[in-house]
Structures are given as structure tokens and as C-alpha cells.
Amino acid sequence: MSDSIRILSIDGGGIRGIIPAMVLQALLGDRKAQDVFHIIAGTSTGGIIACGLAKPNPVSLEDLINLYQDHGWDIFNKDTMNDVHAVHGPR
């Protein structure tokens, strides 16, 4: 048995989070990420994907991709983000 630890680290990038989700879907096929990796982590949108994959009853990659396709505009709308940053952003 190998003593190696397999870590999946998913980066952020807003709506582009659909890209690592699609790559993972192609690489994993029908396998669950938690059966392949010991640790699953991510930042920003990668954290959304990581949480979905690492929970006890994981969200399918197909459902995560559909989340980005169906609601990506609402979640990552730059016009809305600029209004929020104008009030709460760095000065």
C-alpha cells in the first residue's frame, strides 16, 4: 500500500469555476472525488466545488456544472459585484 496522500486543490476564478468542474468530470468519470482524493480543498469558487464534492452525500459534478450554467450570471454578475465593492470593498 502506498503512503502517499492525494490532494485536490481547486482554484478560484468566478464563473470560470465551470472549467475545473468539467475537467474533473472528464478525469473522474463515474468515481466520486472523495474516493480518489484524501483531501479536497478550494478557494473562492473552487471552495464551492470542493464543498459540494467533499460533503457526506456529495453533489455530482454534473449538478455543479449545471449550477454554473443555470445560475452563473446571477452569482457572478460583475455589475452587482461592483455595487457591493463600492460599499464594502477596499479603500
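Residues numbered from 1 in each chain as written. Predicted model: local features only at pLDDT ≥ 70, side-chain atom pairs only at ≥ 80, totals over all residues. Heavy atoms only, no water.

### Looking at the overall build of the chain
Helix and strand counts for the chain stand at five helices and two strands. The linear arrangement of helices and strands in the chain, starting from the amino end, is β-α-α-β-α-α-α. Within the chain, contacts between residues separated by at least 24 positions form 64% of all contacts whose residues are at least 6 apart in sequence. (Helix = DSSP H or I, 4+ residues; strand = E, 2+ residues; numbered from the N terminus. Contact = heavy atoms within 4.5 Å.)

### So, the packing of aromatic side chains
Summed over all chains, the structure comprises one aromatic pair. Centre to centre, the rings of Y68 and F76 are 6.0 Å apart; their planes meet at 5°, and the pair counts as stacked. In this structure Y68 comes out as buried when scored by relative accessible area, which is 5%. (Phe/Tyr/Trp six-rings, centres within 6.5 Å; stacked < 30°, edge-to-face > 60°. Buried < 20%, exposed > 50% of the residue type's maximum accessible area, 1.4 Å probe, protein only.)

### A word on a nonpolar patch on the surface
Among the surface-exposed residues, I5, I7 and I39 lie close enough to one another that they form a single nonpolar patch of about 300 Å² accessible area. Within the secondary structure, I5 sits in the segment before strand 1 (7–10). Accessibility expressed as a relative area gives 57% for I5, which makes it exposed. (Patch = residues over 30% accessible without salt bridge, like charges linked within 9 Å, V, L, I, M, F, W, Y side chains within 5 Å. Areas by Shrake-Rupley, 256 points an atom, 1.4 Å probe, with all protein chains shown as cover. Salt bridge = Lys/Arg side-chain N within 4 Å of Asp/Glu carboxyl O.)

### Some points on the pairing of strand 1
Side chains on a regular strand alternate between the two faces of the sheet. Side-chain alternation along strand 1 places L8 and I10 on a buried face and I7 and S9 on a face that remains uncovered. As judged from the four bridges shared by strand 1 and strand 2 (residues 39–42), these two strands associate in the parallel manner. By the bridge assignment for strand 2, S9 is matched with A41. (Pairing = 2+ DSSP bridges.)

### Some words on the packing of helix 3 (residues 45–54) against helix 4 (residues 61–75)
Helix-helix packing: each pair is described by the crossing angle between the helix axes and the interaxial distance. The N-to-C vectors of helix 3 and helix 4 enclose an angle of 150°; their axes lie 10 Å apart at closest approach. Our pair here, helix 3 against helix 4, has a crossing hand that is right-handed. In this structure, helix 3 uses T45, I48, I49 and L53 to contact helix 4, whose residues at the interface are L61, L64, L67 and Y68. Residue composition of the contact of helix 3 with helix 4, by class: seven nonpolar, one polar and no charged. (Axes fitted to C-alpha atoms, helices over the stretch in contact; angles between N-to-C directions. Left-handed = near helix turned anticlockwise from the far one by under 90°. Nonpolar A, V, L, I, M, F, W, Y, C, P; charged D, E, K, R; others polar.)

### Side note on the packing of helix 1 (residues 18–28) against helix 4
Across the interface, helix 1 lies against helix 4 with an axial gap of 9 Å and an inter-helix angle of 155°. Relative to helix 4, the element helix 1 is oriented roughly antiparallel. You can see that helix 1 and helix 4 cross each other, and the crossing is left-handed. For the pair helix 1 and helix 4, the contacting residues are I18, A21, M22, L24, Q25 and L28 in the first and L61, E62, I65, Y68 and Q69 in the second. Within the contact of helix 1 with helix 4, the residues separate by chemical class into eight nonpolar, two polar and one charged. (Parallel < 35°, antiparallel > 145°, perpendicular 65-115°, else oblique.)

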